[in-house]
Amino acid sequence: MNKKAQLKMQEMAFVLVAIVIFFALVIIVYMVMRTGSLKESAEEQRKEEVQALGLKLADSPEFSWSKCSGCIDIEKAIALKERRTYKEFWKVDYLMIERVYPNHTIRECTRGVFPDCNTITIINATYYGTPTATYVALCDYDENGYDKCELGRIYISEKEVK
Amino acid sequence: MITGQKQNDNDEGKMKNKRGFEFSFGWMFALIIGAVILFLAIYATVKLIGTERDVQSTEVAKQLGILLIPAETGFGEGKSIPSIKFATETRVYNNCTLKGVFGEQLISVATSSSLGKKWTAPGIASNYPNKYIFSSSIIEGDEINVFSKPFNFPYKTGELLFIWSNKEHFCLINPPSEIEKEIESLGLKNINFTQQITECKEKSRKICFYSSLPECDVVVSSNDMSIRWKGGQTSFYDGSLIYGAIFSEPKLYECQVQRLMKRTSELAYIYLGKSSILSARAGGCSQGLQAYLSDYGKKTANATSSYALRENRFANEELKRMNDGLQACKLW
């Protein structure tokens with residue numbers, strides 16, 4: 001084979017390699033962009049879901065106070081905190097109820113210290129994002145058996161999209 | 001006239017032209033590589049379109065789950081939300097598993113396309129441990145109707161969602177007056193009431209309430225609170241689950257009832273916890289229910305079919321009676 005032909009073949013081989021590298025780069029850039037936008041869209045949907053969940057949670061049987069819509073039963077919430085089975089039920093990394101007004105002693109609620117406490121942490125994963133807060137009414141019975149409601153806040157942090 | 005010299009020149013020209021058809025290495029190489037690149041490009045495009053359709057279907061399934069949330073919130077006995085409209089003809093796959101403590105509701109979607117196959121396999125399913133959807137296993141159409149009702153056994157256990165498409169029609173033969181009134185007041189679409197099965201539309205699903213004609217797709221008996229499906233299977237219902245007989249299929253119905261019983265069991269333990277907190281604070285209030293709740297929690301956890309509704313009917317009524325009897329500190 002003469003030198004000119006060899007040179008042409010080498011030229012072709014280089015062009016081929018360049019084409020393959022070019023397409024590979026295009027595919028990688030596309031995949032990175034697509035994965036990024038998919039993750040973003042999944043996170044957005046998760047956020048939307050969590051915001052809607054804030055409203056739904058107060059009406060779910062595990063929290064609801066039977067006499068008003070959107071009110072949370074504090075005693076049920078304390079009983080729920082003790083049930084490990086609910087860890088994956090709402091698909092959230094953090095779920096906490098805070099008694100806002102009137103003021104209470106700043107400490108976690110348990111059967112032993114209730115009603116002298118201000119937070120009920122139901123789900124608390126090791127790592128979680130910034131929680132979203134929604135105001136709710138927290139209700140229970142007073143010493144005489146009458147209904148009593150106070151102002152509270154429910155904090156939810158959605159599960160991270162991996 | 002052609003001279004001998006000209007003849008020779010023409011022959012040489014022809015020889016030269018023949019060399020023009022020769023395929024050099026460069027041409028062959030370019031053609032083969034060009035064909036490979038074109039093939040790869042077409043293959044990648046087809047694959048990409050398929051993946052994009054899967055992504056779109058998965059997103060629609062997720063959005064559908066979010067859109068159903070308003071139907072599950074708020075007080076009230078039954079509510080319907082405005083119809084959900086899809087951009088194209090869509091198939092919603094309703095699936096149910098008993099995986100985990102509460103089982104799972106699975107929703108997946110396949111969208112139709114005018115390019116390639118009309119229907120592809122559904123996208124990735126969204127799973128919800130806290131939703132209970134009663135419908136046919138595949139809901140097909142570009143619009144779906146949603147209606148919800150709480151299920152109480154004896155306390156509220158969950159919100160039941162009933163879904164059907166604009167293509168599905170239901171014919172209720174002699175339904176109880178309260179069901180007829182409720183459906184009419186909510187303005188639910190594609191549901192007709194008749195006295196005779198012959199008056200039903202040909203392709204409608206026929207639900208018979210006081211007769212068991214062979215043409216009936218489902219026979220609901222309020223005497224023993226049973227549902228007899230066309231295949232011969234029997235299920236049982238309680239309260240709002242009667243609507244499950246109208247909109248659902250036997251396999252899905254049984255799975256959802258078992259999931260509801262699992263949640264009933266967990267809720268029994270939550271009410272037991274509430275009762276202990278209350279009784280410690282308010283001089284033994286509701287203490288009498290604690291042994292019943294503990295027993296009820298154990299029994300309902302072992303449900304393996306809708307027969308559990310029948311088995312636990314007495315315990316359910318007893319708990320309801322006891323709770324209603326509490327003066328100051330009702331548990332629910």
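Draft legend 1. View of the nonpolar core. Residue and element names in this part refer to chain B. Phe134, Leu161, Phe162, Ile163, Ile207 and Ala245 are the most contacted members of the largest nonpolar core, which totals 56 residues. Here the element with the most residues in this core is helix H6 (residues 250–281); it accounts for 6 residues. When near neighbours in sequence (up to four residues on either side) are disregarded, Ala245 contacts Ile207, Val218, Val220, Ile227 and Tyr237.

Draft legend 2. Summary view of the domain arrangement of chain B. Residue and element names in this part refer to chain B. Taken as a whole, chain B is organised into domain 1 (43–168), domain 2 (170–239) and domain 3 (258–325). A separation of 31 Å is found between the C-alpha centroids of domain 1 and domain 3. Taken residue by residue, the interface counts 12 residues in domain 1 and 11 residues in domain 3. In the side of domain 1 that touches domain 3, the residues fall into 9 nonpolar, 3 polar and no charged.

Draft legend 3. Looking closely at the pairing of strand E10 (residues 218–221) of chain B. All names here are of chain B. For strand E9 (residues 205–208) and E10, the ladder comprises 2 bridges, and the chain directions are parallel. From the neighbouring strand, Cys208 faces E10, where its bridge partner is Val219. Of the strand pairs in this sheet, E10 and strand E11 (residues 226–229) are connected by 4 bridges, and their pairing is antiparallel. Looking at the pairing, Val219 lines up with Arg228 of E11. Between the antiparallel neighbours E10 and E11 lie 4 residues, among them Met225 with a positive phi of about 50°.

Draft legend 4. Local environment of the sheet that holds strand E4 (residues 132–134) of chain B. Residue and element names in this part refer to chain B. The strand order across the open sheet built from 6 strands is E3-E2-E1-E5-E6-E4, with neighbouring strands paired in mixed fashion. Edge positions in the sheet fall to strand E3 (126–128) and E4, since each has one partner strand and no second. Sheet twist, expressed as the average angle between the axes of neighbouring strands with direction ignored, equals 45°. Pairing geometry for strand E5 (residues 138–152) and strand E6 (residues 156–165), over 9 bridges, is antiparallel. Considered in E6, the bridge of Ile144 is made with Ser165. In the packing of helix H2 (residues 25–67) onto the sheet, contacts are made with strand E1 (79–97), strand E2 (104–111) and E3, and the angle to E2 comes to roughly 135°.

Draft legend 5. A look at the sheet that holds E11 of chain B. Residue and element names in this part refer to chain B. Reading across the sheet, the 6 strands line up as E8-E7-E9-E10-E11-E12 and stay open at both edges, with mixed pairing between neighbours. The sheet is open, and its two edges are formed by strand E8 (191–194) and strand E12 (234–236), each paired on a single side. Each strand of the sheet is rotated relative to its neighbour by a mean of 20°, with strand direction disregarded.

Draft legend 6. Structural context of the packing of helix H1 (residues 3–59) of chain A against H2 of chain B. Direction vectors running N to C along H1 of chain A and H2 of chain B enclose 5°, while the axes themselves pass 12 Å from each other. Comparing the axis directions of H1 of chain A and H2 of chain B gives the class roughly parallel. Contact residues: H1 of chain A offers Lys8, Met12, Leu16, Leu38, Ser41, Gln45, Glu48, Glu49 and Ala52 of chain A, while H2 of chain B offers Gly26, Phe29, Ile33, Val55, Glu59, Lys62, Gln63 and Ile66 of chain B. The residue makeup of the contact of H1 of chain A with H2 of chain B, split by class, is 8 nonpolar, 4 polar and 5 charged.

Draft legend 7. Summary view of helix H2 (residues 74–81) of chain A. Of all the 8 residues making up H2 of chain A, 8 are buried; the element is thus mostly covered by neighbouring parts of the structure. Within the span of H2 of chain A, buried status applies to Ile74, Glu75, Lys76, Ala77, Ile78, Ala79, Leu80 and Lys81 of chain A. On the buried face of H2 of chain A, the contacting elements are strand E1 (71–73), strand E2 (92–101), strand E3 (119–124) and strand E4 (132–141) of chain A together with H6 of chain B.

Draft legend 8. Region of interest: the packing of H6 of chain B against helix H7 (residues 290–301) of chain B. Residues and elements named next belong to chain B. Relative to each other, H6 and H7 sit at 160°, their axes nearing to 8 Å. Classed by the angle they form, the pair H6 and H7 counts as roughly antiparallel. The two elements H6 and H7 cross, and the hand of that crossing is left-handed. Of the residues in H7, those in contact with Met261, Lys262, Thr264, Ser265, Ala268, Tyr269, Tyr271, Leu272, Ser275 and Ser276 of H6 are Gln290, Leu293, Ser294, Tyr296, Gly297, Thr300 and Ala301. Each residue belonging to the contact of H6 with H7 can be placed in one class, and the counts come to 8 nonpolar, 8 polar and 1 charged.

Draft legend 9. The confidence of the model for chain B, seen in detail. For chain B, the mean per-residue pLDDT works out to 89, and 93% of the residues sit at or above 70. For this predicted complex, the interface confidence comes out at an ipTM of 0.81, alongside a pTM of 0.85.

Draft legend 10. Spatial organisation of the pairing of E4 of chain A. All names here are of chain A. Bridge count between E1 and E4: 3 bridges; the pairing is parallel. Across the sheet, the residue bridging to Ile72 is Leu138, located in E4. Direction of pairing for E4 relative to strand E5 (residues 147–158): antiparallel, over a ladder of 10 bridges. Pairing of Ala133 across the sheet is with Tyr155, part of E5. Counting the residues between successive antiparallel strands, the hairpin from E4 to E5 contains 5 residues, one of them, Gly145, with a positive phi of roughly 85°.

Rules behind the numbers
Here the residue numbers are simple positions, counted from 1 along each chain's written sequence. A letter from A marks each chain and a number from 1 marks each ligand, given out in the order of writing. Whole-chain, interface and lining totals are the exception, using all residues; otherwise, since this is a predicted model, local features are given only for residues with pLDDT of at least 70 and side-chain atom pairs are given and counted only at 80 or more. Nonpolar cores are built from buried Ala, Val, Leu, Ile, Met, Phe, Trp, Tyr and Cys residues. These are joined into a set through C-beta atoms within 7 Å. Here exposure depends only on C-beta density: within 10 Å of a residue's C-beta, 20 or more other C-beta atoms make it buried, 12 or fewer make it exposed, and intermediate numbers make it partly exposed, the C-beta atoms being placed from the backbone. Think of it this way: any DSSP run of H or I at least four residues long counts as a helix, any run of E at least two long counts as a strand, and we number them from the N terminus. A pair of residues counts as a contact when their C-beta atoms, built from backbone coordinates, are within 7 Å of each other. As used throughout, domain bounds are those supplied by an automatic or database domain assignment. Each residue is assigned to one of three groups, with Ala, Val, Leu, Ile, Met, Phe, Trp, Tyr, Cys and Pro labelled nonpolar, Asp, Glu, Lys and Arg labelled charged, and all others, Gly among them, labelled polar. Strand pairing follows a simple DSSP-based rule, namely that at least 2 bridges must link the two strands. Throughout, an axis means a line fitted to C-alpha atoms (over the contacting stretch in the case of helices), and angles, computed between N-to-C directions, take values from 0 to 180 degrees. We call two directions roughly parallel when the angle between them is under 35 degrees, roughly antiparallel when it is over 145, roughly perpendicular when it lies between 65 and 115, and oblique otherwise. Note: crossing handedness is left-handed where the near helix turns anticlockwise from the far helix by less than a right angle, and right-handed where it turns clockwise. For every residue, the predictor reports its confidence as pLDDT, a number between 0 and 100.

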